[in-house]
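# Chains, contacts and geometry: an overview
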Amino acid sequence: MNVPGLGDMTLDEGTDWLCSAPMQVKMLDDAMCEIVLEGYAEDPHQEDFHAAIAAFLSSGPDVLKAAQAHIFQYYRDVSSRQSASDEGVVAIDTPAEVWRHIQFGYEPMVERGDPDERDVYISITCNCDWEREHGLQIVLRNGDTVCKIGPFDGHVTNADAFDDDSLKQVIYRSLS
């Protein structure tokens, strides 16, 4: 199957996901990534996927940098639960320093959130030095706006993660 902006896709038989050939992603510091689509083939509004993918691939790192205060708050919440004697404790003094402690994943996942809405989400699973077990999940709504930051939980919004519609616009929900 050919997807605009991504080209010919390969079907992963085990998951039914469509996977692109590796391509450079400017937003992720030009990392080579395979873009993965879930639910695309049967979606009645594939054009929403196309628009989100185009926005994602044409945007630069400033889209993510706009959310660094939220990422820093996630770091602070995790570090507040650690003791100085814990193995692997990381000291980050400012929001701008978080990027030195994040390793972007190489398979951004593109999926529709709720089937009744038109938004398409791109989830980037990252490793981060301060939370080795749960990592960092950065989710973009429609490819160009960060809408969720936190440990990887597979949800595309905090409203979904906590089953609370009042959290729809919340980018980071404190771990406390």
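Scroll up for the structure.
Thresholds, definitions, all that
- Residues numbered from 1 in each chain as written.
- Predicted model: local features only at pLDDT ≥ 70, side-chain atom pairs only at ≥ 80, totals over all residues.
- Heavy atoms only, no water.
- Helix = DSSP H or I, 4+ residues; strand = E, 2+ residues; numbered from the N terminus.
- Expected span 1.5 Å × (residues − 1).
- Buried < 20%, exposed > 50% of the residue type's maximum accessible area, 1.4 Å probe, protein only.
- Contact = heavy atoms within 4.5 Å.
- Phe/Tyr/Trp six-rings, centres within 6.5 Å; stacked < 30°, edge-to-face > 60°.

## Some remarks on helix H3 (residues 68–79)
The end-to-end C-alpha distance of H3, which contains twelve residues, comes to 16 Å, matching closely the 16 Å that a straight helix rising 1.5 Å per residue would cover. Residues of H3 that are buried: Gln68, Ile71, Phe72, Tyr74, Tyr75, Asp77 and Val78. In this fold, the buried residues of H3 make contact with helix H2 (62–65), strand S8 (102–104), strand S11 (136–141) and strand S12 (145–150).

## Comments concerning the packing of aromatic side chains
Enumeration according to the criterion identifies six aromatic pairs in this entry. For the pair Tyr74 and Trp130, a centre-to-centre distance of 6.0 Å together with 75° between the ring planes defines the contact as edge-to-face. On the criterion of sequence distance, the pair formed by Tyr74 in helix H3 and Trp130 in the loop between strand S10 (120–128) and S11 is long-range, its members being 56 residues apart. For the residue pair Tyr74 and Trp130, the accessibility class agrees, reading buried in each case.

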